[in-house]
Amino acid sequence: MTRIDPGSAEAVAVLVSRLLSGETRALAKAITKVECGEAGAAALLAAIQPHLGHATVLGITGPPGVGKSTLIDALIAELRCRGKRVGVLAVDPSSPVSGGAILGDRVRMARHTGDAGVFVRSLASRGHLGGLFRTAWGVIQVMDAAGPDYILLETVGTGQSEVEICDYAHANLVLCAPGLGDDIQAIKSGILEIADILVVNKADQPNAATTVSQLQGMLGLRSAAASGVSVVTTTASTGEGLPALADLIEAIARDRTTPAGRRRGSRGARRALANAAGDRVRERALQAEDSSPIDALCERFARGEIALDAAAAELVRLVADGEDGGE
Amino acid sequence: MSSPGLQGGRPAKVLVTKIGFDGHDRGSRIVAAFLRDAGMEVVYTGPWQTVENVVNLALQEDVDVIGISSLATDHLIVPKLMEALKTAGLGHIAVVVGGIVPDSEVGLLTDAGVAYVFHPGASRDQIVNTISGLAANARASA
Ligand SMILES: Nc1nc2c(ncn2[C@@H]2O[C@H](COP(=O)(O)OP(=O)(O)OP(=O)(O)O)[C@@H](O)[C@H]2O)c(=O)[nH]1
Ligand SMILES: [Mg+2]
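Keep in mind that this is a model prediction, so the values were computed, not measured. Along each chain, the written sequence defines residue order, and numbers are assigned to residues from 1. Whichever chain is written first is A, and whichever ligand is written first is 1; the rest continue in order. Local features in a predicted model are, by the rule used here, given only for residues with pLDDT of at least 70; side-chain atom pairs are given and counted only at 80 or more, and totals for whole chains, interfaces and linings are based on all residues. Side-chain measures were taken over the full set of non-hydrogen atoms in the model, leaving aside hydrogen atoms and water.

Note that predicted coordinates carrying low pLDDT should not be read in detail. Residues and elements named next belong to chain B. Summing up the model confidence of chain B, the mean pLDDT is 87 and the portion of residues at 70 or higher is 92%. On a scale of 0 to 100, pLDDT captures the predictor's confidence in every residue. Only DSSP runs of H or I reaching four residues or more are called helices, and only runs of E reaching two or more are called strands; each is numbered from the N terminus. Here helix α1 (residues 26-37) stands out as the element of chain B with the lowest mean pLDDT, 91, in contrast to helix α2 (residues 51-61), whose mean of 96 is the highest. We call two residues in contact whenever any of their non-hydrogen atoms come within 4.5 Å of each other. In this model, residues 1-8 is a region of pLDDT below 50 whose contacts with residues beyond four sequence positions or in other chains number 20 contacts. Across the predicted assembly, pTM comes out at 0.89 and ipTM at 0.92.

To continue, consider the sheet that holds strand β4 (residues 118-124) of chain A. Residues and elements named next belong to chain A. One requirement defines pairing of two strands: DSSP has to find at least two bridges between them. A sheet is described by the order of its strands in space; here seven strands give the open sequence β4-β2-β5-β1-β6-β7-β8, paired in parallel fashion. Edge positions in the open sheet fall to β4 and β8 (230-233), since each of these has one partner strand only. For this sheet the average axis-to-axis angle between neighbouring strands, irrespective of direction, equals 20 degrees. Across the sheet, helix α8 (residues 208-220) is in contact with β6 (171-176), β7 (197-200) and β8; its angle to β7 comes to roughly 155 degrees. For helices, the axis comes from a line fit to the C-alpha atoms of the stretch in contact; other axes are also lines fit to C-alpha atoms, and the angle between any two N-to-C directions lies between 0 and 180 degrees.

Residues and elements named next belong to chain A. Where helix α3 (residues 41-48) meets helix α5 (residues 136-145), the axes come as close as 10 Å, and the angle between the chain directions of the two elements is 45 degrees. Between α3 and α5, the interaxial angle falls into the category oblique. Every pair of crossing elements has a handedness; the one defined by α3 and α5 is left-handed. Residues Leu44, Leu45 and Ile48 of α3 touch α5, and the partners they reach there are Gly138, Gln141, Val142 and Ala145. Under the scheme applied, nonpolar residues are Ala, Val, Leu, Ile, Met, Phe, Trp, Tyr, Cys and Pro; charged residues are Asp, Glu, Lys and Arg; polar residues are all the others, including Gly. The residue inventory of the contact of α3 with α5, partitioned by class, reads five nonpolar, two polar and no charged. Every angle not falling under 35 degrees, over 145, or within 65 to 115 is termed oblique; those three ranges are roughly parallel, roughly antiparallel and roughly perpendicular. The sense of a crossing depends on the near helix, which, turned anticlockwise from the far helix by less than a right angle, makes the crossing left-handed and, turned clockwise, makes it right-handed.

Here it is in structure tokens:
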């Protein structure tokens, strides 16, 4: 059997047409190509640009174990009842030591595995900070090109640093569980700001009502911009509260056609670029070889011979020089 | 810090699962942790998968290797899985079986295309090295 180079222009064109026609294997391969920056990834992304924009993208974030995956499972069930097609990107953390990862989110979504209207992909953060992975923006576009009505993005559950999803998603669901003071604390320290819908999950447990009123109190203290935030309660494990949540989500999908809705969806590219550049600089600094110019800069900084701001500017310049040098 | 995923390639991606009726998944959890600690990305699903589900999981996740853990007679379903993978255009994926497989039945599995059968007591190194080698081959022939 003769093999054509999978990164070649012809191979990418074939993959794109299979992707656009809804072939599952093509979607899976295209995601891998873009996720890993394989040959042909840029050409693939360029080719799908005219076919983007159908899907409504929802970020789903919150502390570990709060029920993000279980809520996605319940939301898939509800949206499928309404005839919607759903794509899921579920991110789990990579081990900083080995680089490996156990991707377990879809254990909770097992009942949808055989449904042709649902596509779930598990991804590892691979050292990227911010709750997603470095190439998330492109992978969301690939999923969008395959035609689902909704894309659900489950972040790594740190509860604090997932602010980047607010630029990738049309709306963000922030989950918390009742009666855990820590959760409220985590939400206070950052992610409350990105919530379009605050979900108090595990409403079957005591103190859900207290948590709701605490959150409403916190929202009341914030600026007028926060006034559009909804607070809902769910029991993801039984599906309780899901119809009301799905109603809110469908309203957000309809709103995307308003000018404000369109603006919101267009910030992702800027965020993706800033992230990718930041990751690149970080990797170069952390992996610089002994007595390379970057290593020498780090030594000077460690000895206090150069100030942080100046050293950072110098680092960016050195990284750029290295790229020119075509390593 | 080793970060093979950041070099343009990707770490080996392995689906660790159980088919059939046996629900003991302790062995597969241990293997999943071995593979993670060796730098691989492991999609973990828990027990009781059907053949159709394993094919769908492998398809959506674009894995290089499927590891099936079998304690009872679940491995007897594996030849059906091999057929179903081929039909789905996933013949490049390497399938390994681990657990209690009687010697007399190993041939049945390898004849069906199973790449490797691990017996109880297989060492961590043996598991990790075999699977990472199979993953590299599967990637090259995808
Ligand atoms: N009682 C109760 N338990 C729930 C509910 N939703 C989820 N759980 C349980 O909470 C546990 C964690 O759920 P997951 O969906 O895995 O949580 P997660 O936020 O995705 O976790 P990570 O991905 O590890 O951050 C599981 O045991 C679920 O069954 C709920 O509404 N009520
Ligand atoms: Mg989860």
